[in-house]
Amino acid sequence: MTPLKRWWIGLAVLLPAWWWAYTHLTAFADALLGWTGLSRQTALGEALHFFFFDTPKVLLLLVGVVFVMGVVQTWFAPERTRALLAGHRAGIGNVLAALLGIVTPFCSCSAVPLFIGILSAGVPLGVTFSFLISAPMVNEVALVMLLGLFGWKVAALYLGLGLSVAIVAGWVIGRLGMERHLEDWVQAVASGQGGATVAGEPQSMLQRLQAGASHVREIVGKVWPYVVAGIALGAGIHGYVPQDFMAAIMGRDAWWSVPAAVLLGVPMYTNAAGIIPIVQALLGKGAALGTVLAFMMSVIALSAPEMIILRKALKPRLIATFAGVVAGGILLVGYVFNAVL
């Protein structure tokens, strides 16, 4: 049997297994929690269920996306990708990346694998950040839920402002020219030095599949401990966060309520669909809409677990710049919502 045939047989087995595992994560988490004897009605039970669900979800996404991007990269040299994007006027790449984020309903940690994969394909740093911000912050699930709960005006305003934050923040980061603040191994992958083969050269299908596997070994092998640590932190906060306290803070009519809500949201971790019921509960307790939405955006676009995972790929100065630029955009959104609604 030839090596290529072994690859096709292996993929024929692994792809359905991957899909089955990914679509049965809730049952898997329920079963594990059942073995502990804990209930999701308790803080510890909810935290453990979150960890049991999100850890395999993010790791499965990480392996799948990195493998696909490793194979795709063999057809597109970084220089060709950069040249293609350079053919557009400034900002078009950021707009396209932000729009792509709308149709990829990932939480912030789930978006990180695709962020690394896109970056490794030679896409400019600022454009990849536009995707990283937009993917968790603005997605169709969040928009439908906002539409149903608050009406089309709120949903449209959130869409417009969320995309604006993603586009402008990515553009600003790109203009700052901070590629040197990527970790060395990411710079090597992005420049085409990290794989076993040279991207863009004529290759056989076997070589392309081997390049994908090499990509997985290199990237997943470096990132997975940070993924697990980040999700563990998010699970603890998810299970124990005091919702009544947050509602009291965000319900106060003071200029500092918006930045306070952003600071409260950063340590937390969930996706847009998961946070909207909390938004509804907070609004029911008297919190201002703009303040609550600023909190929501900080939870899903600036989560502490996301920063922990990103630390493996980005140096502290770039992480701080990313957080600062996005936080500034979120603050503006909060104040605009409070002013016009």
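Residues numbered from 1 in each chain as written. Predicted model: local features only at pLDDT ≥ 70, side-chain atom pairs only at ≥ 80, totals over all residues. Heavy atoms only, no water.

J.: Can you lay out the overall build of the protein chain for me, pointing to particular residues and giving the numbers?
T.: A count of helical and extended segments in the protein chain gives 17 helices and 0 strands. Considering only residue pairs separated by 6 or more positions, the protein chain has 84% of its internal contacts joining residues 24 or more positions apart. Only carbon and sulfur atoms are counted for the fraction: they give 70% of the accessible area of the protein chain, which is about 15,000 Å². (Helix = DSSP H or I, 4+ residues; strand = E, 2+ residues; numbered from the N terminus. Contact = heavy atoms within 4.5 Å. Areas by Shrake-Rupley, 256 points an atom, 1.4 Å probe, with all protein chains shown as cover.)

J.: Outline helix α7 (residues 125-137), listing residues and values.
T.: With 13 residues, α7 ought to run about 18 Å at 1.5 Å a step, and its terminal C-alpha atoms sit 19 Å apart, in line with that. With 13 of 13 residues buried, α7 is to be regarded as a mostly interior element. (Expected span 1.5 Å × (residues − 1). Buried < 20%, exposed > 50% of the residue type's maximum accessible area, 1.4 Å probe, protein only.)

J.: Could you give an account of the packing of helix α5 (residues 92-102) against helix α9 (residues 152-175), naming the residues involved and the relevant values?
T.: For the pair α5 and α9, interaxial distance at closest approach is 9 Å and the crossing angle is 135°. The angle between the axes of α5 and α9 places the two elements in the oblique class. Relative to α9, α5 is oriented so that their crossing is right-handed. Contacts from Asn-94, Val-95, Ala-98, Leu-99 and Ile-102 in α5 reach Leu-159, Leu-163, Ala-166, Ile-167, Gly-170 and Trp-171 in α9. (Axes fitted to C-alpha atoms, helices over the stretch in contact; angles between N-to-C directions. Parallel < 35°, antiparallel > 145°, perpendicular 65-115°, else oblique. Left-handed = near helix turned anticlockwise from the far one by under 90°.)

J.: Before we move on, can you summarise the pattern of salt bridges with the specific residues and values?
T.: For the structure shown, the criterion picks out 4 salt bridges. With a closest N to O distance of 3.8 Å, Asp-54 and Lys-57 form a salt bridge. Of this pair, Asp-54 and Lys-57 both sit in helix α3 (residues 43-73), 3 residues apart, roughly one helical turn. The class for Lys-57 is buried, based on a relative accessible area of 10%. The closest approach of N and O atoms between Asp-184 and Lys-315, which form a salt bridge, is 3.9 Å. Remark: Lys-315 occurs in the loop between α16 (304-310) and α17 (316-340) and Asp-184 occurs in helix α10 (residues 184-190); sequence separation between them is 131 residues. Asp-184 gets classed as exposed once you look at its relative accessible area, which sits at 55%. (Salt bridge = Lys/Arg side-chain N within 4 Å of Asp/Glu carboxyl O.)

J.: An account of the nonpolar core is needed here, citing residue identities and associated values.
T.: Formed by 70 residues in total, the largest nonpolar core has its most connected members in Phe-129, Met-137, Tyr-158, Leu-314, Phe-322 and Val-326. Considering each element in turn, this core owes the most residues, 10 residues, to helix α15 (residues 289-301). In this structure Met-137 touches Tyr-158, Gly-162, Val-165, Met-297, Ile-300, Ala-301 and Ile-330, once residues within four positions along its chain are discounted. Grouped together as the second largest cluster of nonpolar side chains are 6 residues, Ile-118, Val-127, Phe-131 and Ala-135 included. (Core = buried A, V, L, I, M, F, W, Y, C linked by side-chain atoms within 4.5 Å.)

J.: How would you explain the packing of α9 against α17 if you had to name every residue and give the values?
T.: Interaxial distance between α9 and α17 falls to 10 Å at its minimum, and their mutual angle equals 150°. Here α9 lies roughly antiparallel to α17, going by the angle between them. Taken as a pair, α9 and α17 cross one another with a handedness that is right-handed. Note on element contacts: α17 touches α9 through Leu-318, Phe-322, Val-325, Val-326, Gly-329, Ile-330, Val-333, Val-336, Phe-337 and Val-340, opposite Val-154, Leu-157, Tyr-158, Leu-161, Val-165, Ala-169, Val-172 and Ile-173. For the contact of α9 with α17, the per-class residue count stands at 17 nonpolar, 1 polar and no charged. (Nonpolar A, V, L, I, M, F, W, Y, C, P; charged D, E, K, R; others polar.)

J.: Lay out the packing of aromatic side chains with the relevant residues and their values.
T.: Aromatic rings in a pair are described by how distant their centres are and how their planes are angled relative to each other. Using the criterion set out here, one finds 4 aromatic pairs in the structure. Judged by centre distance (6.3 Å) and plane angle (20°), the rings of Trp-7 and Phe-67 are stacked. Of this pair, Trp-7 sits in helix α1 (residues 3-23) while Phe-67 sits in helix α3; the two residues are 60 residues apart in sequence, bridging distant segments of the chain. Under the relative-accessibility criterion, Phe-67 is labelled buried at 18%. (Phe/Tyr/Trp six-rings, centres within 6.5 Å; stacked < 30°, edge-to-face > 60°.)

J.: Any details on the environment of Val-325? Residues and values, ideally.
T.: Topologically, Val-325 is positioned in helix α17. Expressed as a C-alpha distance, the spacing of Val-325 and Ala-169, which sit 156 residues apart in the sequence, is 5.8 Å. Apart from the residues lying within four places of it in its own chain, the contact partners of Val-325 are Ala-169, Val-172 and Ile-173.

J.: Quick one: what's the story with the environment of Gly-117, residue by residue and with numbers?
T.: Looking at where Gly-117 falls in the secondary structure, it is placed in helix α6 (residues 108-120). Classification of Gly-117 by relative accessible area gives buried; the value is 0%. In this structure, the C-alpha to C-alpha distance between Gly-117 and Val-186, residues 69 residues apart in sequence, is 10.0 Å.

J.: Requested: an account of the environment of Leu-62, with residues and values cited.
T.: As for its position among the elements, Leu-62 is in helix α3. On the accessibility criterion, Leu-62 (1% relative accessible area) is buried. Through-space distance from the C-alpha of Leu-62 to that of Ile-116 is 9.3 Å; in sequence the pair is 54 residues apart.

J.: I'd like a description of a nonpolar patch on the surface, backed by residues and values.
T.: Together, Met-1, Ile-9, Val-13 and Leu-14 make up a nonpolar patch on the protein surface, roughly 420 Å² of accessible area in all. As for its placement among the helices and strands, Leu-14 is situated in helix α1. (Patch = residues over 30% accessible without salt bridge, like charges linked within 9 Å, V, L, I, M, F, W, Y side chains within 5 Å.)

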